[in-house]
Amino acid sequence: MRCISEAKWPMNTFTGPLGFYKGVGPNVFGQAPAGAVKFAAFEGLSIWADRKLFETKKLGTNLKPLVDLGCAAIAFCVCSVVLVPGEVIKQRLQAGIYSGSREALRSIWTAEGARGFYTGFSATLARDVPYTMLEFGLYHQFKRQVDTIKVLP
């Protein structure tokens with residue numbers, strides 16, 4: 001296939017335009033709680049790090065950006081427990097292995113057990129931990145910079 005129109009032709013022919021949205025449901029139901037867990041874990045870890053490492057002067061404040069990166073990495077590892085099962089179902093629906101979410105859930109559970117929902121766990125961590133580290137690390141750096149700007153009267 002050389003272009004998008006060639007790639008979409010088989011999908012339109014066999015599944016119709018809704019074929020473009022296969023796997024969206026499980027993805028939404030996986031992403032929303034995973035995002036909440038990720039943000040909650042990051043904030044909790046950041047508060048803990050501030051209290052245990054910086055307020056007690058165990059580390060200098062110049063290391064805050066590195067601690068933010070570590071907190072972000074841990075936060076993604078925590079949220080991936082919620083995220084990966086939805087990713088597995090989404091990817092298998094998109095690949096056409098299953099026709100619906102219920103069938104995917106039942107088949108994965110029957111054939112592979114709980115471990116089947118975590119297929120590709122390490123690949124997901126390898127893909128998303130660096131992204132999350134940048135996302136939260138840069139966010140906290142920008143937030144610190146904005147906090148230092150004095151508002152003119």
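Structure report, in brief. Given the structure is predicted, the values throughout are model-derived calculations rather than measurements.

Conventions used here
Residues numbered from 1 in each chain as written. Predicted model: local features only at pLDDT ≥ 70, side-chain atom pairs only at ≥ 80, totals over all residues. Heavy atoms only, no water. Helix = DSSP H or I, 4+ residues; strand = E, 2+ residues; numbered from the N terminus. Buried < 20%, exposed > 50% of the residue type's maximum accessible area, 1.4 Å probe, protein only. Contact = heavy atoms within 4.5 Å. Areas by Shrake-Rupley, 256 points an atom, 1.4 Å probe, with all protein chains shown as cover. Bend = angle between axes of the 7 residues up to and from the residue. Salt bridge = Lys/Arg side-chain N within 4 Å of Asp/Glu carboxyl O. Patch = residues over 30% accessible without salt bridge, like charges linked within 9 Å, V, L, I, M, F, W, Y side chains within 5 Å. Axes fitted to C-alpha atoms, helices over the stretch in contact; angles between N-to-C directions. Parallel < 35°, antiparallel > 145°, perpendicular 65-115°, else oblique. Left-handed = near helix turned anticlockwise from the far one by under 90°. Nonpolar A, V, L, I, M, F, W, Y, C, P; charged D, E, K, R; others polar. Expected span 1.5 Å × (residues − 1).

Below, the discussion takes up the overall build of the chain. Within the chain one finds five helices and zero strands. Listing each helix as α and each strand as β along the chain from the N terminus yields α-α-α-α-α. Across the 153 residues in the chain, those meeting the buried criterion constitute 30%. The long-range share in the chain, meaning contacts at least 24 apart out of those at least 6 apart in sequence, stands at 69%. Total accessible area on the chain stands at roughly 10300 Å², and carbon and sulfur atoms take up 66% of it.

Glancing now at helix 3 (residues 64–94). Of all the bends in helix 3, the greatest measures close to 50° and is centred on Ser80. Positioned one or two residues after helix 3, Gly96 has a phi angle of 80°, which is positive.

It is worth spelling out the pattern of salt bridges at this point. Under the definition given, this model contains seven salt bridges. For Glu87, the salt bridge identified is with Lys90, shortest N-O distance 3.5 Å. With a gap of three residues between them, Glu87 and Lys90 both fall in helix 3, about one helical turn apart. Taking the relative accessible area as the measure of exposure, Glu87 reaches 5% and is therefore buried. Among the residues examined, Lys90 registers a relative accessible area of 14% and is labelled buried.

Below, the discussion takes up the environment of Phe121. With respect to the helices, strands and loops of the structure, Phe121 is situated in helix 5 (residues 121–148). Expressed as a C-alpha distance, the spacing of Phe121 and Val81, which sit 40 residues apart in the sequence, is 8.7 Å. When neighbours within four sequence positions are excluded, Phe121 is seen to be in contact with Ser80, Val81 and Val84.

Turning to a nonpolar patch on the surface, a few remarks are in order. There is a patch of nonpolar side chains on the surface, built from Tyr21, Val24 and Val28 and spanning about 300 Å² of accessible area. With respect to the secondary-structure elements, Tyr21 resides in the loop between helix 1 (4–15) and helix 2 (24–54). Residue classification places Tyr21 among the exposed positions, given a relative accessible area of 57%.

In the contact formed by helix 3 and helix 4 (residues 101–112), the axes pass within 10 Å of each other and the chain directions differ by 110°. Relative to helix 4, the element helix 3 lies roughly perpendicular. Here the hand of the crossing between helix 3 and helix 4 comes out right-handed. Contact residues: Val88, Ile89, Arg92 and Leu93 in helix 3; Ser101, Ala104, Leu105, Ile108 and Glu112 in helix 4. Residue composition of the contact of helix 3 with helix 4, grouped by class: six nonpolar, one polar and two charged.

We now examine the packing of helix 3 against helix 5. As a packed pair, helix 3 and helix 5 sit with axes 7 Å apart at the nearest point and diverge in direction by 135°. One finds that helix 3 runs oblique with respect to helix 5. Helix-helix and strand crossings are classified by hand; for helix 3 and helix 5 the assignment is right-handed.

A few words on helix 4. A rise of 1.5 Å per residue sets the reference length of helix 4, with its 12 residues, at 16 Å; its end C-alpha atoms lie 16 Å apart and thus fit the reference within 8%. Within two residues after helix 4, Gly113 carries a phi angle of roughly 75°, on the positive side.

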